[in-house]
Amino acid sequence: RKGMLRRVDRGCRGWWSGLIVAGMLLSAPMFVNGALERTKGVHPSEHSLYTADSFQCKDGSRTISLSRVNDDYCDCDDGSDEPGTSACPNGKFWCENKGHESKHIFSSRVNDGFCDCCDGSDEFSGVATCSNRCAEEGEERRKHLIEQIELHEQGLLKVPDYVDAAERYRTNVDA
């Protein structure tokens, strides 16, 4: 009996450990071979810099193995090797924010528990759950811009009145 219980116990542990490993793999899709996806936090126009066999720091200070990009250790003085982590104090993370304004944020704001990107792309570790609010924020911003344009158009319609008033004043002063 003791041997049988051990075998059953061992089988359960194997099953649970397999389940835990599967859960970890499913919950961290941005990690490839233990490292964060190379282009996480990179502006699309710069993706080509992160696809060669090696990576040259943007400031040209050094060349490192591509496996050291987004590995949570700051190798480049300019922080360009860690766009998707908070390892470098001067690094930048690209928020795509589809439906709103794309922007860079400081990499120190990545996985800090606060949703800085309206698409939530800066909080992928699971510390914070961010809903994608880009459509709402984008719509609000567009409404604000339309209001500003209308206000400026109203002001432009008043320009001829001000020009006429200035002409009348000048005529009265000259007379």
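Predicted model, so just to flag it, every value in this text is computed and none were measured.

A. The arrangement of the nonpolar core in detail. If you look at the biggest cluster of nonpolar residues, it comprises eight residues: Val-42, Tyr-50, Phe-55, Cys-57, Ile-64, Leu-66, Val-69 and Cys-76. Those residues within four positions of Tyr-50 in sequence are excluded, and the remaining contacts are Arg-38, Thr-39, Val-42, Phe-55, Lys-58, Leu-66, Val-69, Ser-80 and Pro-83. Ranked by size, the runner-up nonpolar core spans six residues in total, among them Phe-93, Ile-105, Val-110 and Cys-117.

B. How the structure looks around a nonpolar patch on the surface. Taken together, Leu-156, Val-159 and Val-163 make up a surface patch of nonpolar side chains, about 270 Å² in accessible area. The class of Val-163 is partly exposed, set by a relative accessible area of 44%.

C. Spotlight on the side chain of Asp-122. Within the fold, Asp-122 resides in the loop between β6 (103–106) and α2 (134–174). One buried charged side chain, Asp-122, makes no salt bridge at all; its nearest oppositely charged neighbour is Arg-133, positioned 6.9 Å away. When near neighbours in sequence (up to four residues on either side) are disregarded, Asp-122 contacts Phe-93, Ile-105, Arg-109, Val-110, Asn-111, Phe-114, Cys-115, Asp-116 and Cys-117.

D. View of the confidence of the model for the protein chain. Averaged over all residues, the pLDDT of the protein chain is 81; the fraction at 70 or higher stands at 79%. The low-confidence segment residues 1–35 (pLDDT under 50) makes eight contacts with residues lying over four places distant or belonging to another chain.

E. Quick look at the state of the cysteines. If you walk through the whole model with that rule in mind, you get five disulfides. The disulfide partner of Cys-95 is Cys-117, and the gap between their sulfur atoms is 1.8 Å. Looking along the S-S bond of the Cys-95-Cys-117 disulfide, the torsion reads about -45°, which is the left-handed sense. Linking Cys-95 in strand β5 (residues 92–95) with Cys-117 in the loop between β6 and α2, this pair joins segments that are 22 residues apart in sequence. Through a disulfide, Cys-115 is tied to Cys-130; the S-S separation comes to 1.9 Å. An S-S torsion of about -85° defines the bridge between Cys-115 and Cys-130 as left-handed.

F. Local environment of unusual backbone geometry. Positive phi, normally seen in glycine, also occurs at Asp-72, with a value near 70°. Mapped onto the elements of the fold, Asp-72 is located in the loop between β4 (63–65) and β5. We note that Asn-111 has phi near 55°; this positive angle belongs to a residue other than glycine. Within the secondary structure, Asn-111 sits in the loop between β6 and α2.

G. Here's a closer look at the pattern of salt bridges. The final tally for this structure, using the stated rule, is seven salt bridges. With its nearest N and O atoms 2.8 Å apart, the salt bridge here joins Arg-68 to Asp-75. Of the residues examined, Asp-75 reaches a relative accessible area of 5% and is grouped as buried. Its salt-bridge partner being Glu-167, residue Arg-170 comes within 3.7 Å of it at the nearest N-O pair. Of this pair, Arg-170 and Glu-167 both sit in helix α2, three residues apart, roughly one helical turn. Relative accessible area serves as the criterion here: at 42%, Glu-167 is assigned to the partly exposed category.

About the thresholds
Residues numbered from 1 in each chain as written. Predicted model: local features only at pLDDT ≥ 70, side-chain atom pairs only at ≥ 80, totals over all residues. Heavy atoms only, no water. Core = buried A, V, L, I, M, F, W, Y, C linked by side-chain atoms within 4.5 Å. Buried < 20%, exposed > 50% of the residue type's maximum accessible area, 1.4 Å probe, protein only. Contact = heavy atoms within 4.5 Å. Patch = residues over 30% accessible without salt bridge, like charges linked within 9 Å, V, L, I, M, F, W, Y side chains within 5 Å. Areas by Shrake-Rupley, 256 points an atom, 1.4 Å probe, with all protein chains shown as cover. Salt bridge = Lys/Arg side-chain N within 4 Å of Asp/Glu carboxyl O. Helix = DSSP H or I, 4+ residues; strand = E, 2+ residues; numbered from the N terminus. Lys, Arg positive; Asp, Glu negative; His and termini not counted. pLDDT = per-residue confidence, 0-100. Disulfide = S-S within 2.5 Å.

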